[in-house]
Amino acid sequence: MEMKTKTLLILYATQTGNALDVAERIAREAERRACTVVISSTDDYDANSLPAEDTVIFVVSTTGQGDTPDSMKVFWRFLLQRNLGSHWLEGIHYAVFGLGDSGYQKYNFVAKKLDKRLSDLGATAVVERGLGDDQHPSGYEAALDPWLSSLWSRLNEIKPHFFPKGPDFLVPNEELIGLPKVQVTYHNVNDMDSRLSTATDFKYLQMQIGRARSMSSGKVPHEKSKPDAFLKMVKNFPLTRASHEKDVCHFEFEFVSQVIKYEIGDVLEVLPSQSPAAVDSFIQRCNLDPESFITVHPREMENRHIDNNVNTLDVPIKLRTFVELTMDVTSASPRRYFFEVMSFFATAEHEKERLQYFASPEGRDDLYQYNQKERRTVLEVLEDFPSVQMPFEWFVQLVPPLKNRAFSISSSPLAHPTQVHLTVDVVSWTTPFKRKRQGLCSTWLASLDPEQSIYIPVWFHKGLLPPPPPSLPLIVIGPGTGCAPFRGFVEERAVQSQSSTIAPTLLFFGCRNENNDFLYRDFWLSHSENDGVLSEAKGGGFYAAFSRDQPQKVYVQHKMQEQSERIWNLLCEGAAIYVAGSSTKMPSDVMVAFEEIISKESGAPRESAVRWLRSLEKAGKYHVEAWS
């Protein structure tokens with residue numbers, strides 16, 4: 001039989017970038033052991049080729065309520081084909097590392113499903129799957145470090161050909177640091193982008209953002225690099241009392257470029273603006289010329305013909321514009337590898353030693369305390385290590401990409417054809433060392449004055465809450481800002497009710513205090529009266545739980561129990577369930593409440609209620625959109 005390739009394949013499926021970071025870390029560690037590695041995203045890999053591989057390491061994240069990342073959907077569908085059979089991957093070895101958050105019900109669901117499917121197809125696991133948990137005090141690396149140690153040891157036992165120089169051989173880090181993966185080219189361009197600061201030409205602004213983001217190493221798909229539209233804020237007002245510990249705002253935006261058709265339940269992604277002063281400080285700290293013009297290419301593409309569709313890569317962009325649109329220097333914490341690379345460029349011995357310690361397995365927990373727990377920004381880290389002078393290419397590669405922030409849309413396009421509304425929790429918190437931190441995007445949006453006419457780049461995409469037809473009865477649970485998408489649902493049904501009959505809607509809302517954070521109070525109450533969408537006359541109902549207004553805490557699930565019979569009757573009429581809000585305990589508490597209600601009202605045992613709810617999920621009538 002022909003010898004299989006001696007290359008170790010690493011496939012990753014990422015939604016926010018963590019799985020890519022882990023895959024790159026595994027690749028670096030393999031290369032240090034003189035192992036030949038190929039690394040690829042699942043959407044760039046032909047799943048047909050799997051039987052020809054020797055050993056494959058999968059790094060996969062779980063998103064939402066147990067969903068596969070977008071980049072893995074096609075790959076996963078391929079693996080689920082029935083005709084593949086139980087011998088399809090015979091002789092192939094694999095390992096799976098998952099990234100998840102144990103605050104969610106379906107913790108690391110994708111890694112678990114993938115592990116089982118690979119085994120069912122005849123592949124052999126090298127080590128037991130590893131499960132990284134965002135909730136762990138040291139983050140996912142707490143599980144990754146020991147898992148990697150087992151992986152190399154076991155792989156050497158069963159596949160010694162991967163390690164030609166033996167299991168203990170390590171290439172010195174100094175030799176491996178090599179060149180960054182990107183190349184920055186400087187151009188002599190006279191005043192080419194002077195229009196940027198005054199540009200009102202949306203095509204130009206769109207091209208500018210698309211150009212910067214398609215050059216970035218943050219791996220934004222090219223069709224997503226340009227914004228779908230630009231919005232301007234027309235209303236900005238608080239929904240909570242000023243004295244309340246939570247600060248929630250209502251924002252209304254109008255389209256200033258083309259109007260995008262969206263649906264209720266859709267999600268709006270916003271590219272936030274970073275503090276100009278912080279961007280300037282970063283550029284100054286790195287001794288860069290903000291006015292210079294650059295292009296950024298992946299190093300391996302240096303001599304490769306660039307596809308005409310991606311020729312934006314060839315158009316120079318101002319360095320400052322590139323930094324502010326693609327590099328998160330003001331809010332994201334750098335990864336462990338950032339500290340490792342910094343250690344090579346530190347000229348002060350004590351700084352070099354500290355950085356090397358942070359990058360080592362022994363220093364992992366101290367790094368987590370210093371970095372992630374404090375949410376130190378790239379700029380703050382650089383200020384703590386003044387002797388480090390890194391080439392700009394390394395920063396382009398290692399500074400976390402500036403990511404879009406996603407928000408559930410809280411308006412109906414039927415009610416507001418040229419507008420989009422958002423309900424946003426303006427995030428702020430205090431770190432263990434008493435540093436005040438604020439959410440980049442929510443704070444920026446809250447600071448905008450509608451009179452300023454700032455143009456906001458946005459993208460629209462489908463959320464996890466499909467728009468229900470008017471004839472479908474609804475049971476809706478949305479505590480806190482989880483009510484946002486359901487404000488759109490109610491608006492939509494109010495418009496539809498003018499021309500056709502609509503099915504009943506039961507809505508359960510929860511907050512802390514009736515007087516402090518009863519979001520959209522007047523809106524809900526007006527739709528609960530006079531034949532409104534939520535009125536009893538229409539078969540509906542609105543129920544609010546105020547958890548802190550009495551000695552005993554009252555949550556949405558308690559209000560559900562009070563309406564047990566109504567919920568059961570609607571479920572018997574074929575109602576769909578929609579749940580949105582915090583991912584911590586709420587979705588599972590609500591699920592338990594439904595199990596108890598179904599069991600009590602039907603007289604069936606709890607196990608039957610669980611099965612019944614599972615069948616609702618499979619039929620696409622139990623939807624959850626939760627966020628941490």
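Conventions used here
- For every chain, the first residue of its written sequence is number 1, and the numbers climb from 1 along that sequence.
- This being a predicted model, a pLDDT of at least 70 is required before a residue's local features are given, and a value of 80 or more before pairs of side-chain atoms are given or counted; all residues contribute to the totals for chains, interfaces and linings.
- Each side-chain value is worked out from all heavy atoms of the structure, with water and hydrogens disregarded.
- UniProt positions are given in the numbering used here, feature names are shortened, and annotations may be inferred rather than shown by experiment.
- Secondary structure is summarised from DSSP: a helix means a run of H or I of at least four residues, a strand means a run of E of at least two, and numbering begins at the N terminus for each.
- Contacts are assigned to residue pairs that have any heavy atoms within 4.5 Å of one another.
- Nitrogen and oxygen atoms within 3.5 Å of one another constitute a polar contact, given that in protein one can donate a hydrogen and the other can accept it, and given that sequence-neighbouring residues count only through two side-chain atoms.
- Strands were regarded as paired on the criterion that DSSP finds at least two bridges between them.
- Fitted lines through C-alpha atoms give the axes, limited to the stretch in contact for helices. The angle between two N-to-C directions lies from 0 to 180 degrees.
- A simple rule labels every residue: compare its accessible area, found with a 1.4 Å probe on the protein chains alone, to the largest value its type can have, and call it buried under 20%, exposed over 50%, or partly exposed in between.
- Definition of nonpolar core: a set of buried residues of the types Ala, Val, Leu, Ile, Met, Phe, Trp, Tyr and Cys, connected through side-chain atoms within 4.5 Å.
- Where each domain starts and ends follows an automatic or database-derived domain assignment.
- Computed with a 1.4 Å rolling probe, the buried area is the accessible surface lost when two parts are put together, summed over both parts.
- Salt-bridge detection follows one rule: a side-chain nitrogen of Lys or Arg within 4 Å of a carboxyl oxygen of Asp or Glu.

Peer 1: Go over the UniProt feature "binding site: NADP(+)" (unreviewed entry) in the chain with me, naming the residues and quoting the values.
Peer 2: Here the UniProt feature "binding site: NADP(+)" (unreviewed entry) sits at Thr481, Ser547, Arg548, Lys553, Val554, Tyr555, Val556, Gln557 and Asp589. Within the element layout of this structure, Lys553 appears in the loop between strand 20 (541-546) and helix 18 (556-562). With residues up to four places along the chain from it excluded, the contact list for Lys553 reads Ser547, Arg548 and His558. Along the chain, the position of Tyr555 falls in the loop between strand 20 and helix 18.

Peer 1: Help me get a handle on the side chain of Gln208, residues and values and all.
Peer 2: Note that Gln208 resides in helix 6 (residues 202-215). Polar side-chain contacts of Gln208 include one of 3.3 Å to the side chain of Arg211.

Peer 1: Got a sec to walk through the sheet that holds strand 10 (residues 267-270)? Specific residues and values, please.
Peer 2: Across the sheet, which stays open at both edges, the 6 strands sit in the order 13-10-17-8-9-14 with antiparallel pairing between neighbours. Two strands lie at the open edges of the sheet, namely strand 13 (405-408) and strand 14 (419-425), each paired on one side alone. Each strand of the sheet is rotated relative to its neighbour by a mean of 40°, with strand direction disregarded. Taken together, the 4 bridges between strand 10 and strand 17 (residues 456-461) define a ladder with antiparallel strand orientation. The residue bridging Val270 from the neighbouring strand is Val458, located in strand 17. Against the sheet, helix 6 touches strand 8 (229-238) and strand 17, its axis set at about 95° to strand 8. On the sheet, helix 15 (residues 440-447) packs against strand 8, strand 9 (248-255), strand 10, strand 13, strand 14 and strand 17 and is oriented at approximately 65° with respect to strand 13.

Peer 1: Any details on the sheet that holds strand 12 (residues 317-318)? Residues and values, ideally.
Peer 2: Spatial ordering of the open sheet is given by 7-11-12, a layout of 3 strands whose pairing is antiparallel. Strand pairing shows two members of the sheet lacking a second neighbour, strand 7 (182-187) and strand 12, which therefore form its edges. Looking at chain direction, strand 11 (residues 293-298) and strand 12 are connected through 2 bridges and run antiparallel. Counted as the bridge partner of Phe293 is Lys318 from strand 12.

Peer 1: Could you give me a rundown of the pairing of strand 11, with the residues and numbers involved?
Peer 2: The side chains of a regular strand alternate between both faces of the sheet. Burial analysis of strand 11 places 5 of its 6 residues in the buried class, which makes it a mostly covered element. Judged from the 6 bridges that link them, strand 7 and strand 11 form a sheet pairing that is antiparallel. The partner of Gln183 across the bridge, within strand 11, is His297.

Peer 1: Help me get a handle on the nonpolar core, residues and values and all.
Peer 2: Counting residues in each nonpolar core, the largest one holds 51 residues, and the members touching the most others are Phe282, Phe322, Met327, Phe338, Phe392 and Phe395. Sequence-distant contacts of Phe322, that is, excluding residues within four places in its chain, are made with Ala212, Met215, Ser216, Ile294, Val296, Ile317, Met327, Phe392 and Val396. Counting 29 residues, the second largest nonpolar core, distinct from the first, contains Cys483, Leu507, Phe509 and Tyr578.

Peer 1: Describe the domain arrangement of the chain, listing the residues and the values that go with them.
Peer 2: Domain parsing of the chain yields domain 1 (6-170), domain 2 (180-302 + 311-396) and domain 3 (472-624). Computed over C-alpha atoms, the centres of domain 1 and domain 3 are 39 Å apart. Listed per partner, the contact involves 5 residues of domain 1 and 7 residues of domain 3. Of the roughly 480 Å² buried at the junction of domain 1 and domain 3 (both faces included), carbon and sulfur atoms supply 50%. Of all residues in domain 1, the largest losses of buried area upon contact with domain 3 belong to Gln65, Gly103 and Gln105, amounting jointly to 73% of the total for that side.

Peer 1: Describe the pattern of salt bridges, naming the residues involved and giving the relevant values.
Peer 2: Under the defined criterion, the tally for this structure stands at 32 salt bridges. Between Glu291 and Lys318 there is a salt bridge; the shortest N-O distance is 3.1 Å. Highlighted residues: Glu291 in the loop between helix 8 (276-285) and strand 11 and Lys318 in strand 12, separated in sequence by 27 residues. Of the charged contacts, one joins Glu374 and Arg435 as a salt bridge, the two residues approaching to 2.8 Å between their closest N and O atoms. Residue Glu374 is located in the loop between helix 12 (364-370) and helix 13 (378-384), and its partner Arg435 is located in the loop between strand 15 (428-430) and strand 16 (436-438); the two are separated by 61 residues in the primary sequence. Looking at Glu374, the relative accessible area reads 0%, which means it is buried. You can call Arg435 partly exposed: its relative accessible area is 28%. Each of the salt bridges in this network shares a partner with another, and the network as a whole consists of Arg25, Glu29, Arg33, Glu141, Asp145, Arg336, Arg364 and Asp365.

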